[in-house]
Amino acid sequence: MRGAETVKSWYMLPLKVIGVTVTLFICYTLAAPILGPQPGPATPQEAAQAAMALLVVCLLDAIVMSYLIVRSRWSGWRLMAAVGLVFYGVTTFMSQIESAVFLTKLPAGMVPRLFVMGLAIAAPFAVVAVVILGKAKAASSAGPIPRLVMPPAEWAWKLAIIAVVYATLYFTFGYFIAWQSPDVRAYYGGTNNGSFVAQMASVVRDTPWLVPLQLLRGLLWAAIALPVVRMMRGPWQETALSLGALFAIVMNAQLLLPNPYMPETVRMAHMLETASSNFVFGCFVGWLLTRRAARMPLAHSAVAEGA
């Protein structure tokens, strides 16, 4: 009987993901007026293309977020809060930090409105998605969870490594992928100094604040990863790949949307750059933050995974 229920549950999952997709699409549509009028009227064809692109973005986000919800050992309001925090952090907070720093062509007040719009999307989406996927009812804890239980010294060196790895990936992938595009360099008014070392020397000389900013962003990414690491079932490999998908897909799917402030060639170059680097980074963070649990005795590990 239990096996039949499990088969039925998995059979219904695609329909539930469609429901989550539609929910996210509605949230985006209802929250869009927060931004106010967009520059230039869109033709019917452009509007249809934008709607289709948004639907694709919502589907990609829904697949990743649904997997996190279904595979979570949490439920109820705790899970709703975690999903809302993670989704807002990835889709809005982390991306708009970059917008505030680099996109000087945005209209005045646009960035604060983007932060508000992201909140207006993430909060209702998290609640409804958890309900649709059948995790709204709070369940009793499966037992102690040793993940993320470590002494302060271990926290310190792991967070330091995460910050350095993120900054390294950011500048490396940024130079060898995005910065090789003439359109990207023209958009930001920059030049290619001929080598990665020369380019980094230019960054340190002309924008000395940029390296500390990316080190800080690495720590912020780690903060977003913590609830995912804590709530996920399964072995460390599953957690690592889930974080890689979260950071790569959910963060970058928005670049598929038409953007009057960023040309398509620039968006596509950035999408290739950040999707690849974020996937590597997410997998690394998942591995590093769960490796302590992976070394524990088998009996403790089974309890920890809640399998």
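On a predicted model such as this, the values are computed, not experimentally measured, just so you know. (Residues numbered from 1 in each chain as written. Predicted model: local features only at pLDDT ≥ 70, side-chain atom pairs only at ≥ 80, totals over all residues. Heavy atoms only, no water.)

In terms of nonpolar packing, the biggest core is built from 69 residues, with F87, V90, W221, L246 and F247 touching the most fellow members. It is helix α3 (residues 76–102) that provides the largest number of residues to this core, a total of 10 residues. Within the second largest apolar cluster, seven residues are counted, among which are Y175, Y187, M262 and A269. (Core = buried A, V, L, I, M, F, W, Y, C linked by side-chain atoms within 4.5 Å. Buried < 20%, exposed > 50% of the residue type's maximum accessible area, 1.4 Å probe, protein only. Helix = DSSP H or I, 4+ residues; strand = E, 2+ residues; numbered from the N terminus.)

This part covers helix α5 (residues 152–176). Look at α5: 36 Å from first C-alpha to last across 25 residues, which is about the 36 Å you get at 1.5 Å a residue. What α5 keeps buried is the set E154, K158, I162, A163, Y166, A167, L169, Y170, F171, G174 and Y175. (Expected span 1.5 Å × (residues − 1).)

What follows concerns the packing of α3 against helix α9 (residues 236–252). Where α3 contacts α9, the axes come no closer than 9 Å and their chain directions differ by 60°. One way to sum up the angle between α3 and α9 is to call them oblique. As α3 runs across α9, the sense of the crossing is right-handed. Residues V86, F87, V90, T91, M94 and S95 of α3 pack against L246, F247, V250 and M251 of α9. The residue inventory of the contact of α3 with α9, partitioned by class, reads eight nonpolar, two polar and no charged. (Axes fitted to C-alpha atoms, helices over the stretch in contact; angles between N-to-C directions. Parallel < 35°, antiparallel > 145°, perpendicular 65-115°, else oblique. Left-handed = near helix turned anticlockwise from the far one by under 90°. Contact = heavy atoms within 4.5 Å. Nonpolar A, V, L, I, M, F, W, Y, C, P; charged D, E, K, R; others polar.)

Tracing the chain through its elements places E273 in helix α10 (residues 264–294). No salt bridge is formed by the buried E273. Its closest oppositely charged neighbour is R217, at 8.1 Å. The contact partners of E273, leaving out residues within four places of it in the chain, are Y170, F173, G174, I177 and A178. (Lys, Arg positive; Asp, Glu negative; His and termini not counted. Salt bridge = Lys/Arg side-chain N within 4 Å of Asp/Glu carboxyl O.)

So, on to the packing of α5 against helix α7 (residues 196–206). Closest axis-to-axis distance for the α5/α7 pair is 11 Å, and the angle between their directions is 120°. Relative to α7, the element α5 is oriented oblique. Pair α5 / α7 crosses with right-handed handedness. For the pair formed by α5 and α7, the contact residues are F171, T172, Y175 and F176 on the first element and F196, Q199, M200 and V203 on the second.

This prediction gives the protein a mean pLDDT of 88; 86% of its residues lie at or above 70. Confidence drops under pLDDT 50 across residues 1–5; counting only partners more than four residues distant or on other chains, this segment forms zero contacts. Counting contacts from residues 293–307, a segment whose pLDDT is below 50, to residues more than four positions away or on other chains yields 19 contacts. (pLDDT = per-residue confidence, 0-100.)

Another aspect to go through is the pattern of salt bridges. Enumeration according to the criterion identifies four salt bridges in this entry. A salt bridge links R217 to E98; its shortest N-O distance comes to 3.5 Å. Pair noted here: R217 is in helix α8 (residues 210–231) and E98 is in helix α3, with a separation of 119 residues, a long-range link. Considered together, R217 and E98 belong to a single accessibility category, that of buried residues.

Our focus in this paragraph is the side chain of E238. Relative to the helices and strands, E238 is located in helix α9. Ignoring sequence-local partners within four residues, the contact set of E238 consists of Y67, R71, M232 and R233.

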